[in-house]
Amino acid sequence: MEKDTRLILALDVLDSAEALRISQVVAGHVDAIKVGYPLILATGLGIITELSRYAPIIADFKVADIPNTNRLICEQVFKAGADAVIVQGFTGHDSLRTSVEVARSNNKDIFVVTEMSHPGALDFMQAAGEAIAKMAADEQASGVVAPATRPERVRDIRNIIGSDLTIISPGVGTQGGSAADAIRAGADWVIVGRSIYQSDDPAAVAAKLVSEIKEVI
Ligand code: C5P
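What you are looking at is a predicted structure, and each value in this text was computed from that prediction instead of being measured. (Residues numbered from 1 in each chain as written. Predicted model: local features only at pLDDT ≥ 70, side-chain atom pairs only at ≥ 80, totals over all residues. Heavy atoms only, no water.)

Once that is clear, we can look at the nonpolar core. By size, the foremost hydrophobic cluster in this structure holds 61 residues, and its most contacted members are L11 and I110. Filtering out sequence-adjacent residues up to four positions away, I110 remains in contact with C74, F78, V85, V87, L96, S99, V100, A103, A141, S142 and G143. In terms of nonpolar packing, the next biggest core, distinct from the first, is built from 14 residues, F111, M125, V145 and I191 among them. (Core = buried A, V, L, I, M, F, W, Y, C linked by side-chain atoms within 4.5 Å. Buried < 20%, exposed > 50% of the residue type's maximum accessible area, 1.4 Å probe, protein only. Contact = heavy atoms within 4.5 Å.)

Here the largest pocket defines a volume of roughly 400 Å³. Residue lining of the largest pocket: 22 residues in total, with D12, K34, S117, P170 and Q175 positioned closest to the centre. Of all the secondary-structure elements, those providing two or more residues to the lining of the largest pocket are β3 (57-63), β8 (189-192) and α9 (194-197). By residue class, the composition of the lining of the largest pocket is 10 nonpolar, six polar and six charged. (1 Å grid on protein atoms, 1.4 Å probe; cavity = no way out; pocket = protein on both sides within 12 Å on 5 of 7 lines; lining within 4 Å. Points joined across faces, edges and corners; volume = space filled by probe spheres on them. Helix = DSSP H or I, 4+ residues; strand = E, 2+ residues; numbered from the N terminus. Nonpolar A, V, L, I, M, F, W, Y, C, P; charged D, E, K, R; others polar.)

It is worth spelling out the pattern of salt bridges at this point. As enumerated under the stated definition, the model contains 12 salt bridges in all. Here R150 and E115 are joined by a salt bridge, their closest N and O atoms 3.0 Å apart. Residue R150 is located in the loop between β6 (143-145) and α7 (151-161), and its partner E115 is located in the loop between β5 (109-113) and α6 (125-138); the two are separated by 35 residues in the primary sequence. Taken individually, R150 and E115 each receive the classification buried, so the pair is uniform in this respect. Through salt bridges with shared partners, a single network forms among E115, E130, R150, R153 and D156. (Salt bridge = Lys/Arg side-chain N within 4 Å of Asp/Glu carboxyl O.)

Here we come to the pairing of strand β7 (residues 166-170). Here β7 lies mainly inside the structure; five of its five residues are buried. Of the two faces of β7, the one carrying T166, I168 and P170 and the one carrying I167 and S169 are both buried. Looking at chain direction, β6 and β7 are connected through three bridges and run parallel. Bridge pairing links G143 to T166 in β7. Direction of pairing for β7 relative to β8: parallel, over a ladder of three bridges. Looking at β8, one finds that S169 is bridged to V190. Regarding the hand of the β-α-β motif, the stretch spanning β7, helix α8 (residues 179-185) and β8 is right-handed. (Pairing = 2+ DSSP bridges. Right-handed = clockwise from strand over helix to strand, strands pointing away.)

Everything listed here is a matter of coordinates, which is why it stays silent on function.
Okay, here's the thing in structure tokens:
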């Protein structure tokens, strides 16, 4: 995934025509498009192949299973044309190691969720976030997912993983986080969904975010 605009579109729409239309207009402003259960369940896995003509695709399945099931899931998603898969970290080192092995043999990436961006992540996930970040570095994942809603946590996680791993950071816009703050705290990319795809002019919103990011790098 090339680091150019540092913006990733989270495409949580439910209609394939809308997904294609939005991707086409924002393609020049984003380095990747993240798709997840909402769009895939509504339209099928084939949407990954269709969208991959606009940008690299990150499949946000937050995979959280035993090693063998993680392997089977990642294999299917890479086969469909995804460039990266997001997995949960709390399932432990063996599940992560298997996912990373599958990614490596396909020349693809795994991103590991450390802690999520919503308030409920404070109930259980945050306590494990730093240990998960360390595990992601030890297992040589490509990067981690850390919350733009809590830039101080992005900074903590950056200190743990060093510079070898990348950070992709959701929570900008609708969830309250700021793109500039997340990048300043050490995120490589910010992930933005509703603020872009629910806007009347998704390309303009994306362009504005990119210029906000460029001001702080
Ligand atoms: O619409 P919004 O910009 O809030 O979208 C954020 C996206 O990032 C959603 O697809 C959400 O599932 C995802 N995400 C998140 N927090 C995480 C991991 C993924 O908000 N830790």
